[in-house]
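Residue strings, one per chain:
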Amino acid sequence: MEGSSSMLDAEAVADLVLLDPLTEESLVQTLQERFRRRDIYTYIGNVVISVNPYQSLPIYTPEKVEEYRNCSFFAVKPHIYAIADDAYRSLRDRDRDQCILITGESGAGKTEASKLVMSYVAAVSSKGEEVNKVKEQLLQSNPVLEAFGNAKTVRNDNSSRFGKYMDIEFDFKGEPLGGVISNYLLEKSRIVRHVKGERNFHIFYQLLAGASPQLLQQLKLRQDCGHYGYLDREGSSLPGMDDAANFHAMQDAMRIIGFSPTEVTELLQVTAVVLKLGNVQLSSSFQASGMEACSISEPQELHEICELIGLDPGTLERALCSRTVKARDEAVLTTLTVPQGYYGRDALAKNIYSRLFDWLVKRINASIQVKSDKQRKVMGVLDIYGFEIFQDNGFEQFIINYCNEKLQQIFILMTLKEEQEEYVREGIQWTPVEFFDNSIICNLIENNTTGILAMLDEECLRPGVVNEDTFLTKLNQLLATHKHYESKETQNARRVTDASLPPRCFRIHHYAGKVTYNVTGFIEKNNDLLFRDLSQAMWAAQHALLRSLFPEGDPQKVSLKLPPTAGFQFKSSVAMLMKNLYSKNPNYIRCIKPNDTKSAMVFTPELVLAQVRYLGLLENVRVRRAGYAFRQLYGPFLQRYKMLNAQTWPRWDRGDREGTEVLLAGLQFPAEELAFGHTKIFIRSPRTLFDLERRRQERVAELATLIQKMFRGWRCRTQYQLMRKSQILISAWFRGHRQKNRYKQMKRSALILQAYARGWKARKTYRKYFRSSASTCLANFIYRRLVQKYLVGLAKNLPPLSVTDRTWPPAPYRFLDNTNQELKNIFYHWKCKKYRDQLSASRRAQLQARLCASELFKDKKTLYPKSLQQPFRGEYLGLKQNPKYQKLHAVAKDKLVMADSVRKVNRASGKTVPRLLLLTTEHLVLADPKAAQPKTVLSLSDIRGVSVTRFSDGFLALHLKEVSTVGAKGDFLLVSDHLIELVTRLYQTFEATTGQALPLHITDRFSTRFPKGDVSITVVESPKASTNGPVCKKKGSNKMEVLVY
Ligand SMILES: Nc1ncnc2c1ncn2[C@@H]1O[C@H](COP(=O)(O)OP(=O)(O)OP(=O)(O)O)[C@@H](O)[C@H]1O
Ligand SMILES: [Mg+2]
């Protein structure tokens, strides 16, 4: 670990407690070595020594803040953040109010340290809108107070010219709630006078450099610093300090804190008044009485002041140049001399400014104070001027050094004396350490009767001639034998001659060194009087803020009681501060200034040695080494660490001390690390304590995890049980509900079934008694009756049996229509059958031929209707009877179907020649009528088809198959008087012989095949054709026209 290794680096130990050998030289050397390594912080136990580096080091970054956050004090490099963290955690976790005492001489880095502590605490405490606002207000109080309370001195360019103690208040979680600032003794003399090379308070330069021309005009100021008597003409601007920017930063800070614009304006007006007062010039004039009196030499500035504050210039002039003296209840106005006038003017300027500063602190407090009355924890940060030894030391140095003496006393009391006393009290083995107890010096200054302050007050209040000489004489008388007091007179009495002690001076042997104070100005500064005329004049002004600063100026409240002296006020405020600090756990930051030249990284060992001495660091180390770093009552200790041992955790029933012993025995620390007092446990080294604390943190984390685990388990279990119970309840209810529904449905269905079955059974039993079935019975009966009547009627009235008669009686009822039609058809078919059965074979054949003719020609050839009158005789030639035809009769024999005479059309001319045609069951024979010899015999199977016309002619084309022998002659064109009979019989015979239907074409145009080629025949209806038959006309070689009638 970096921290611990540097801690043990022999040349530059981080904790001086580990220094060996322990001498002033080795201590300074160690500091110097560390400083060289840029380790500006060093510990003595938990006291931090800070050496001002006079340059910015990269050790204050946010990463550093994180590094030190919740760190173990000794595990990291010494740092101001470590002590801030320790204090903050102790406040938050152990509920102990803290104070951080930052001491050191001017320029050692106290104010910077206090700001670092504040910014660290702000960074590590929690964040939130409200908390951030509070933090911001607390941090922003610094620029405002520094503007009004800091100045450049020869030692420090930003020297705090007032003491500041700030209480930061936190709630139980460690969140900042607000704060309270206390200020101590502003160095107001700086307003009117300052050493060459120094400056007045920053605000004046900031105002002149940073204010806008309008603001300057409003405040009646000029930008030129040289114009103002109170400001140093040469050293107005400082290298490295931007007054204008600081002015704007201060204005922003005031806005953040909550100053209203009016308040800011009034504040700046009063500041301007102070500045302008320095330019009010007085001159002497002689009055009528011959007395010298002062008057305003240049009234312009006075008038402007009065305009600013709303006051009659006469009133202010009177108050500045004269004074009301009460003599025997009478007020007498006496004029002032010029020095008196200037004294009054300067006193007024100083008073206004110091009261304004007090008001400023009060106003900031009003903004940052904690509004709620929650329980609070407090961290105080004290940044107060360090010990001062100048060439010429006055009242201020005396007061400041007194304050430092008191702080040293606290330090001694808390860390040294109290520590040793406690060891004795607790019965711990302990070798007392020699240390210097400065209470004797504190007593020399503050004792109520014989203290220097008390005597100064007495001199101030004593009637009669009072001056510093009488005061010094008194001191010399009373303190002649005091070890720490010296003056020329007491030295003389002891016959000591010390040339360094001039007259009108006294010397005090402070813990930090001898300081010679010049008594000049002690009485005046202690009285701090302001002529009543001036305070009354200020009260008379209309300016609300200025007026409120001088309440004693109210003539109604005139009091003859003198106000408390400055010394008295300071003593009581220091006493209050001490009381406050005593109630808290102290943390120390001891600041050391390494050189007098404000140079970076220059270390002057002599200068540091002087500071090491008066800060008592060596004694501090010695006590730390001899003593125990930590002690605590057994009860709280056991309570805090009992979880580290299984025997003491979770409950210990026996005594606290016994418990602590058991607890620590289990942890096996070396015996010399621990000591058991009567009521407290003592732990020698901080490291052991931190080890203990680390173990505790680890254990607490473990326990927290355990508790968390148990709690989570419990929560999940309970949740689970609850869910399970609920689930069971829900499913029980759901199942019940489902079963109930199912049961209801089954019950309903069973009832319906039951009802139907019962109904059915009942109906079955009672059906015969039902009237409703009577209607069906009746209807059936009537129906049957009607049918019977109809059928009987029909039988009686049957139509005639002639097949041509198609009459039939109508159905008497509509419902019998279909039956009637059916019966009609049956009757007709029966009648026909009957008719057919009695026909002769020849008649039957004739009728068949007729039927066939009708199928072939009906509605297709106009000749057909005419043929109906002609009976199919078949034999028209009388072959049997006529002997001429004997030969032909022999050809036909029994197979003859038809014999007729036809005309054959000549295919070449179209003329016709008569022929005899015989149709047998196998052949078609054409014969010459004269010879009665067959000319052409065609087998029926050679016929390809027959074509006839649509008209009432007897023209017919007989198409032959080409393959047949006769066919080679070509188709025959014939004309017959019995065309219908001829074609019908040919058709019937062909079908009977070949089993195929003869193709018959009834058409107007067809083609015939003749030996000389195909001829297309066109049938034309024409009157030219005679009734005998058609006329054929050859048209060209392959066309023939057949004219029909
Ligand atoms: N930690 C630091 N890092 C860098 N510079 C520092 C540090 N501390 C102090 N300084 C420098 O030293 C100067 C003086 O410091 P600071 O004003 O804190 O002194 P002081 O002890 O408050 O003096 P005084 O008693 O006069 O107010 C600062 O202006 C700054 O320049
Ligand atoms: Mg300071």
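Residues numbered from 1 in each chain as written. Chains lettered and ligands numbered in written order. Predicted model: local features only at pLDDT ≥ 70, side-chain atom pairs only at ≥ 80, totals over all residues. Heavy atoms only, no water.

1. Section: the sheet that holds strand β29 (residues 1013-1021)
Selection criterion: Two strands pair under a simple rule: DSSP has to find at least two bridges between them. The secondary structure listing takes helices from DSSP runs of H or I that are at least 4 residues long and strands from runs of E that are at least 2 residues long, numbered from the N terminus. Each axis is a line fitted through C-alpha atoms, taken for helices only over the stretch in contact, and angles between the N-to-C directions span 0 to 180 degrees.
The mixed open sheet is built from four strands, whose spatial order is β28-β29-β31-β30. In the strand order of this sheet, the two ends are held by β28 (1005-1010) and β30 (1031-1035), each with one partner. Within the sheet, the average angular offset between the axes of one strand and its neighbour, ignoring direction, is 25°. Taken together, the six bridges between β28 and β29 define a ladder with antiparallel strand orientation. Its bridge partner lying in β29, F1010 is registered against G1013.

2. Concerning the nonpolar core
Definition in use: We define the nonpolar core as a collection of buried residues of types Ala, Val, Leu, Ile, Met, Phe, Trp, Tyr and Cys that are connected through side-chain atoms lying within 4.5 Å of one another. For every residue, the accessible area (1.4 Å probe, protein chains only) is compared with the maximum for its type, and the residue is labelled buried under 20%, exposed over 50%, or partly exposed between those bounds. Two residues form a contact once any of their heavy atoms are found within 4.5 Å.
In terms of nonpolar packing, the biggest core is built from 185 residues, with F148, L348, I352, L360, I452 and F506 touching the most fellow members. With 13 residues, helix α13 (residues 338-368) is the largest single contributor of residues to this core. Ignoring anything within four residues of it in the chain, the contact list for I352 reads V270, V273, V274, L277, M538, L546, L549 and F550.

3. As for the confidence of the model for the protein
Using the following cut-off: What pLDDT expresses is the predictor's confidence in each residue, scored from 0 to 100.
Per-chain confidence: the protein averages 88 in pLDDT, with 96% of residues scoring 70 or above. Contacts for the low-pLDDT stretch residues 1-8, under 50 throughout, to residues beyond four places or in other chains number 18 contacts.

4. Regarding the coordination of the magnesium ion (ligand 2)
Our working rule: For Na, K and Ca the donor cut-off is 3.2 Å, while for other metals it is 2.8 Å, and in both cases only N, O and S atoms qualify; water is not among them, so sites may look incomplete.
Summarising the metal site, the magnesium ion (ligand 2) is bound by the protein donors T111 (OG1) and S160 (OG), whose distances to it range over 1.8 to 2.1 Å. Of this pair, T111 sits in helix α5 (residues 110-124) while S160 sits in strand β5 (residues 159-160), placing them 49 residues apart in sequence. Per residue, the accessibility class of T111 equals that of S160, and both read buried.

5. Quick look at the packing of aromatic side chains
To keep it simple, the criterion reads: Only Phe, Tyr and Trp rings take part, Trp by its six-membered ring, and two of them pair if their centres are within 6.5 Å. Stacked means planes under 30 degrees apart, edge-to-face means over 60, and tilted covers everything else. Counted as over-ring charges are cases with an Arg CZ or a Lys NZ within 6 Å of the ring centre that also lie within 35 degrees of the ring normal.
Tallied over the entire structure, the rule returns 29 aromatic pairs. A centroid spacing of 6.5 Å and a plane angle of 15° characterise the contact between Y634 and F676, whose relative ring orientation is stacked. Note that Y634 is positioned in helix α25 (residues 634-641) and F676 in strand β18 (residues 674-676), a separation of 42 residues in sequence. Residue F676 is classed as partly exposed on the basis of its relative accessible area of 27%. With centroids separated by 4.8 Å and ring planes inclined at 50°, the aromatic side chains of F637 and Y641 adopt a geometry described as tilted. Of this pair, F637 and Y641 both sit in helix α25, four residues apart, which is roughly one turn of that helix. Overall, Y641 belongs to the buried group, its relative accessible area being 0%. Through a chain of ring-to-ring contacts, the aromatic side chains of F395, F398, F471, Y485, F506, Y517 and F522 assemble into a single cluster. Above the face of the Y828 ring, R806 is positioned so that its terminal group lies 3.8 Å from the ring centre.

6. Details of the site of ligand 1
Going by this rule: The criterion for a residue being near a molecule or strand is simple. One of its heavy atoms has to lie within 4 Å of it. Between N or O atoms, a polar contact is any pair within 3.5 Å; within protein, one atom must be a potential hydrogen donor and the other a potential acceptor, and residues adjacent in sequence are included only when both atoms are from side chains. Here the accessible surface of atoms and residues is derived via Shrake-Rupley with a 1.4 Å probe, and residues count as covered only by protein chains that are part of the display. When residues are sorted by character, Ala, Val, Leu, Ile, Met, Phe, Trp, Tyr, Cys and Pro go into the nonpolar class, Asp, Glu, Lys and Arg into the charged class, and all the rest, Gly among them, into the polar class.
In the vicinity of ligand 1, 17 residues are found, and the nearest of them are S106, K110, T111, S159 and S160. Separating an oxygen atom of ligand 1 from a backbone N or O atom of G109 is a distance of 2.9 Å. Within the side chain of T111, one N or O atom sits 2.7 Å away from an oxygen atom of ligand 1. When the free accessible area of ligand 1 is taken as 620 Å², the share hidden by the protein chains comes to 86%. Where the shell around ligand 1 is concerned, the elements lending two or more residues are α5 and β5. No other element matches α5, which puts three residues into the shell around ligand 1. Looking at side-chain class alone, the shell around ligand 1 contains four nonpolar, 10 polar and three charged residues.

7. Looking at the pattern of salt bridges
Where we set the bar: Throughout this description, the term salt bridge denotes a Lys or Arg side-chain nitrogen within 4 Å of a carboxyl oxygen of Asp or Glu.
Tallied over the full model, the rule gives 53 salt bridges. When the shortest N-O distance is used, the salt bridge between E468 and R504 registers 3.7 Å. One end of the pair, E468, is in helix α17 (residues 468-478); the other, R504, is in the loop between α18 (488-493) and β14 (505-510), with 36 residues separating them in the sequence. Its relative accessible area of 32% is what places R504 among the partly exposed residues. Where E698 meets R694, a salt bridge forms, and the shortest distance between an N and an O atom there is 3.1 Å. Within this pair, E698 and its partner R694 are both found in helix α27 (residues 686-766), separated by four residues, close to a single helical turn. Taking relative accessible area as the criterion, E698 reaches 44% and is therefore assigned partly exposed. Under the relative-accessibility criterion, R694 is labelled partly exposed at 40%.

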